[in-house]
Amino acid sequence: MTPNVTKTEYVLFRRGTRVPAAGEDIPLQLQGQQIHRSAHREVKDVRLLGIRLDSQLSMSQHADYLKKTLVKRIHQLAAISGAEWGPSTADLRSFMLGFIMPVLNYASESWYSFTCTTVRKKLETIATAASRAASGLLVATPKQDVHFECDTFPFADVAALSALAYYERNLRTSGDR
């Protein structure tokens, strides 16, 4: 595959707020050709393997995308759940674990560790809303009770366990290369 130099977009990843001046050129090359800032489009975020990366790596764009995507699924789950009718709680939990949580957990071991507190709260809210819809509990129910009733863990714990499992798997298989 040969990338098209004229259609190239780029993102400047940075932790600070300093943005290079408009005339300041960045030494980037693609296929031996210099990429000049004026000739190519700088974008604020990019989608890479389904993960939205913004220029400061705050993951806020990705969290907003997940919220937008999963709110629809959570509403679908809540629409079919009811205390007196509808599928059992076990069936709703299975639906949540198979239809909502994989989207939320996708590659979390690679990006969750460097997210800010605000983004983590947003992701935790999504996971709790999914558990609440699956268990049929009210909005006023405390998070701990929601996770206990639905037999799930908070998203922070799931992401941490996922990252640890990934790390352990890499340690175990590093000698195979």
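The structure we're discussing is the one just above.
Given the structure is predicted, the values throughout are model-derived calculations rather than measurements.

Draft legend 1. Here's a closer look at the packing of helix H1 (residues 60–80) against helix H5 (residues 117–135). Orientation of H1 relative to H5, taken along the N-to-C sense of each, is 10 degrees, at an axis distance of 10 Å. Looking at the two axes, H1 sits roughly parallel to H5. Judged by residue contacts, Ser60, Ala63, Asp64, Leu66, Lys67, Leu70, Ile74, Leu77 and Ala78 of H1 engage Val119, Lys122, Leu123, Ile126, Ala129, Ala130, Ala133 and Ala134 from H5. Within the contact of H1 with H5, the residues separate by chemical class into 13 nonpolar, one polar and three charged.

Draft legend 2. Quick peek at the nonpolar core. One finds Leu77, Met96, Ile100, Leu104, Trp111, Leu123 and Phe155 to be the most contacted residues of the largest nonpolar core, which totals 26 residues. Of all the secondary structure elements, the ones that give two or more residues to this core are strand E6 (51–54), H1, helix H2 (89–99), helix H3 (101–105), H5 and helix H7 (155–173). The leading source of residues in this core is H5, at seven residues. Among residues more than four places away in sequence, those in contact with leucine 123 are Ala63, Leu66, Leu104, Trp111, Tyr112 and Phe155.

Draft legend 3. Seen up close, the packing of aromatic side chains. Across all of its chains, the model carries three aromatic pairs by this definition. Between tryptophan 111 and tyrosine 112 the ring centres are 6.3 Å apart and the planes differ by 65 degrees, which places this aromatic pair in the edge-to-face class. For the pair formed by tryptophan 111 and tyrosine 112, the shared burial category is buried. Relative to phenylalanine 155, the ring of tyrosine 112 lies with its centre 5.4 Å away and its plane at 85 degrees, an arrangement referred to as edge-to-face. Residue tyrosine 112 is located in the loop between helix H4 (108–111) and H5, and its partner phenylalanine 155 is located in helix H7; the two are separated by 43 residues in the primary sequence. The same class applies to tyrosine 112 and to phenylalanine 155, which are both buried. Each residue in the set Trp111, Tyr112 and Phe155 is aromatic and connected to the rest through ring pairs, giving one cluster. Directly above the ring of tyrosine 112 sits arginine 120, whose terminal nitrogen or CZ lies 4.5 Å from the centroid.

Draft legend 4. Molecular detail of the pairing of strand E5 (residues 45–48). Of the pairings in the sheet, the one linking E5 to E6 comprises four bridges and is antiparallel in character. Each bridged residue has a counterpart across the sheet, and for valine 46 the counterpart in E6 is leucine 53. Hairpin connection between E5 and E6: a loop of two residues separates the two successive antiparallel strands, and leucine 49 in this loop has a positive phi of roughly 55 degrees.

Draft legend 5. Representation of the environment of leucine 66. As for its placement among the helices and strands, leucine 66 is situated in helix H1. Residue leucine 66 is classed as buried on the basis of its relative accessible area, which comes to 1%. If near-sequence neighbours (up to four positions away) are discounted, leucine 66 is found in contact with Val103, Leu104, Trp111, Leu123 and Ile126.

What counts, and at which threshold
- Residues numbered from 1 in each chain as written.
- Predicted model: local features only at pLDDT ≥ 70, side-chain atom pairs only at ≥ 80, totals over all residues.
- Heavy atoms only, no water.
- Axes fitted to C-alpha atoms, helices over the stretch in contact; angles between N-to-C directions.
- Helix = DSSP H or I, 4+ residues; strand = E, 2+ residues; numbered from the N terminus.
- Parallel < 35°, antiparallel > 145°, perpendicular 65-115°, else oblique.
- Contact = heavy atoms within 4.5 Å.
- Nonpolar A, V, L, I, M, F, W, Y, C, P; charged D, E, K, R; others polar.
- Core = buried A, V, L, I, M, F, W, Y, C linked by side-chain atoms within 4.5 Å.
- Buried < 20%, exposed > 50% of the residue type's maximum accessible area, 1.4 Å probe, protein only.
- Phe/Tyr/Trp six-rings, centres within 6.5 Å; stacked < 30°, edge-to-face > 60°.
- Lys NZ or Arg CZ within 6 Å of the ring centre and 35° of its normal.
- Pairing = 2+ DSSP bridges.

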